[in-house]
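Single-letter residue listing:
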Amino acid sequence: MPGDRPPRRYGGGMAAEIRPDPETGDWHIVAPGRAARPSDHAEPADGRCPFCPGNEALTPPEVLRHPAAPQPWRVRVFPNRYAVVGPAAGPAADGGARAATGAHEVVVESPRHDAELRTARPGDVLAVLAAMRDRCRALAAAGPAAIVVFRNHGVAAGTSLRHPHSQIVALDDAPPGLVRRWDNARRHFDGTGRCLHDDLAAAERAAGTRVVHDAGGVLVYQPRAAGVPHETVLLPDDRSPGLAGASDDALAAVAGVLPGVLAGLAAVRDDPAYNLVVHAGPVRDGTARDWYRWHVGLYPRLTRRAGLEIATGLSVNPAAPEQTAPELRRAVLAASTTTGP
Ligand SMILES: [Zn+2]
């Protein structure tokens, strides 16, 4: 409820704010407190990683722990100390700005500080995905507009701590970029009666050239309109619009192939920084099941946004997915034959 709790305050005494850009219509979150988070990829000065076992007191109290105490945990989730959004606040500020509200959580994926997702066992990845699903369900109960799950790997992708972790952000208001994504899928359904992601999967299977992997209940492909080299989609056979409603089979399918895809990418491009994003439909729209299927997007950081991109919103991708997909396909295959099932 608005006003129940004070807005999250940062060092400067200023709550995070959404400020719509009057020129582009995009939103920017201005969150001065984020500047106080640990420096990029640095090891903590005193050698104590807040995500390592034994240092649990250094994080906010956990909201999920798997398995339950007294067993040693494999996955832990707690509120982000440097949240980009906070609890509901007061009335809107000036210039159309308003408090950035929602929830922001950290998912520690492994007790091992130097674990790598690309060499993780599928069972461990499944435990992480299941924890994310649990948290998405819990966060959805508060009625946010959107829930975004993502993972940053490498300094260039925005990692602030080396210990493997993902993040979940529940947003009370859906940003314009997300709304545009949903509108495109909804319009496709209204015009054709079919789910956009079903049609994309069928088109990629028919073309074949951009398919990286198609087995075990998940299609992996590099989209025709890839914005960056090796942009890759993992689309499980699942009708849920979001992770909250994902089936056990779909989580297992993604867990089974994700490490191999990341190992393949690391092999072909020298372990680049990347962002992994779970694309999901709106939380509060019961019709989304008809026209949106959750999927994972992998965005390697192999290019930099330059003047043209900033001026126009265009992406210039110097590598055609028809060329990079076969390269990744061979590397994923090689990774799966060396590591075994
Ligand atoms: Zn650690």
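Residues numbered from 1 in each chain as written. Predicted model: local features only at pLDDT ≥ 70, side-chain atom pairs only at ≥ 80, totals over all residues. Heavy atoms only, no water.

### Some words on the overall build of the protein chain
Looking only at helices and strands, the protein chain features seven helices and 13 strands. Whereas a compact globule of 341 residues would reach a radius of gyration of roughly 20 Å, the protein chain reaches 20 Å, a difference of no more than 12%. The principal-axis extent of the C-alpha atoms belonging to the protein chain is close to 55 × 50 × 40 Å. Restricting to contacts in the protein chain with at least 6 residues of sequence separation, those with at least 24 account for 66%. (Helix = DSSP H or I, 4+ residues; strand = E, 2+ residues; numbered from the N terminus. Rg over C-alpha atoms; globule rule 2.2 N^0.38 Å. Contact = heavy atoms within 4.5 Å.)

### Some details on the sheet that holds strand 1 (residues 17-20)
Taken in spatial order, the three strands make up an open sheet running 2-1-5, and their pairing is antiparallel. Of all the strands in the sheet, just strand 2 (27-30) and strand 5 (98-99) have a single pairing partner and so form its edges. Where strand 1 and strand 2 come together, four bridges link them in antiparallel fashion. Paired with P20 across the bridge in strand 2 is W27. (Pairing = 2+ DSSP bridges.)

### Let's talk about the environment of E116
The residue E116 is located in the loop between strand 6 (102-108) and helix 1 (122-140) in this model. Placed 147 residues apart in sequence, E116 and A263 show a C-alpha to C-alpha distance of 9.6 Å.

### With respect to the packing of helix 1 against helix 4 (residues 248-269)
Here helix 1 crosses helix 4 at 130 degrees, and the two axes come no closer than 8 Å. On the basis of their axis angle, the class for helix 1 and helix 4 is oblique. The interaxial crossing formed by helix 1 with helix 4 has right-handed handedness. Along the contact surface, helix 1 presents P122, V125, L126, L129, A130 and R133, while helix 4 presents D248, L251, A252, V254, A255, G256 and P259. Class assignment for the residues of the contact of helix 1 with helix 4 results in ten nonpolar, one polar and two charged. (Axes fitted to C-alpha atoms, helices over the stretch in contact; angles between N-to-C directions. Parallel < 35°, antiparallel > 145°, perpendicular 65-115°, else oblique. Left-handed = near helix turned anticlockwise from the far one by under 90°. Nonpolar A, V, L, I, M, F, W, Y, C, P; charged D, E, K, R; others polar.)

### Focus on the UniProt feature "active site" (unreviewed entry) in the protein chain
UniProt annotation of "active site" (unreviewed entry) refers to H165 when read in the numbering used here. Structurally, H165 is set in strand 8 (residues 165-171). For H165, the contacting residues outside a window of four places in its chain are F51, V106, V107, V108, E109, R151 and T159. (UniProt positions renumbered as here; feature names shortened; annotations may be inferred.)

### Quick look at the nonpolar core
Ranked by internal contacts, the top residues of the largest apolar core, which has 42 residues, are M132, L243, L276 and W294. The greatest single-element share of this core, amounting to ten residues, is contributed by helix 4. Each of domain 1 (9-176) and domain 2 (193-339) gives at least three residues to this core. For M132, the contacting residues outside a window of four places in its chain are V107, V149, S166, I168 and L243. (Core = buried A, V, L, I, M, F, W, Y, C linked by side-chain atoms within 4.5 Å. Buried < 20%, exposed > 50% of the residue type's maximum accessible area, 1.4 Å probe, protein only. Domains from an automatic or database assignment.)

### Digging into a nonpolar patch on the surface
On the surface, a cluster of nonpolar side chains totalling about 260 Å² of accessible area is made up of L308, L314 and V316. By the element assignment, L308 lies in helix 6 (residues 307-312). (Patch = residues over 30% accessible without salt bridge, like charges linked within 9 Å, V, L, I, M, F, W, Y side chains within 5 Å. Areas by Shrake-Rupley, 256 points an atom, 1.4 Å probe, with all protein chains shown as cover. Salt bridge = Lys/Arg side-chain N within 4 Å of Asp/Glu carboxyl O.)

### A closer look at the side chain of N55
Relative to the elements of secondary structure, N55 occurs in the loop between strand 2 and strand 3 (64-66). When neighbours within four sequence positions are excluded, N55 is seen to be in contact with R48, C49 and P50.

### Some details on the coordination of the zinc ion
Only C49 (SG), C52 (SG), H113 (ND1) and H163 (ND1) from the protein reach the zinc ion as donors, at distances of 2.0 to 2.3 Å. Each of the four donor atoms bound to the zinc ion contributes to angles spanning 101 to 119 degrees, and the resulting shape is tetrahedral. (Donors = N, O, S within 2.8 Å, 3.2 Å for Na, K, Ca; no water. Tetrahedral: all angles 85-135°; square planar, octahedral: opposite > 155°, others 65-115°.)

### A look at the UniProt feature "binding site: Zn(2+)" (unreviewed entry) in the protein chain
Residues annotated by UniProt as "binding site: Zn(2+)" (unreviewed entry) correspond here to C49, C52, H113 and H163. A compact arrangement is adopted by the annotated residues: their sequence extent is 115 residues, whereas the largest C-alpha distance between any two is 8.1 Å. With respect to the secondary-structure elements, C52 resides in the loop between strand 2 and strand 3. Relative to the assigned elements, H113 resides in the loop between strand 6 and helix 1.

### Some words on the domain arrangement of the protein chain
Looking at the protein chain, the domain boundaries give domain 1 (9-176) and domain 2 (193-339). Counting residues at the interface gives 27 residues for domain 1 and 28 residues for domain 2. Of the roughly 2,300 Å² buried at the junction of domain 1 and domain 2 (both faces included), carbon and sulfur atoms supply 62%. Among the residues of domain 1 in contact with domain 2, R118, R133 and H153 are the three that bury the most area, contributing 28% of the side total. At the junction of domain 1 with domain 2, the criterion picks out two salt bridges. Two residues, R118 and D271, come together in a salt bridge whose shortest N-O distance is 3.2 Å. Taken together, domain 1 and domain 2 are joined by 14 residue pairs in polar contact (both at pLDDT 80 or more). (Buried area = accessible area lost by both parts, 1.4 Å probe. Polar contact = N/O pair within 3.5 Å; in protein donor to acceptor, adjacent residues only side chain to side chain.)

### Topic: unusual backbone geometry
Going from H66 to P67, the amide bond is cis rather than trans, its omega being -10 degrees. Along the chain, the position of P67 falls in the loop between strand 3 and strand 4 (75-79). The omega torsion of the bond from A69 to P70 falls at 10 degrees, within 30 degrees of zero and hence cis. Structurally, the position occupied by P70 is in the loop between strand 3 and strand 4. We note that D270 has phi near 55 degrees; this positive angle belongs to a residue other than glycine. Tracing the backbone through its elements, the reader meets D270 in the loop between helix 4 and strand 12 (274-279). Residue D270 is classed as exposed on the basis of its relative accessible area, which comes to 69%.

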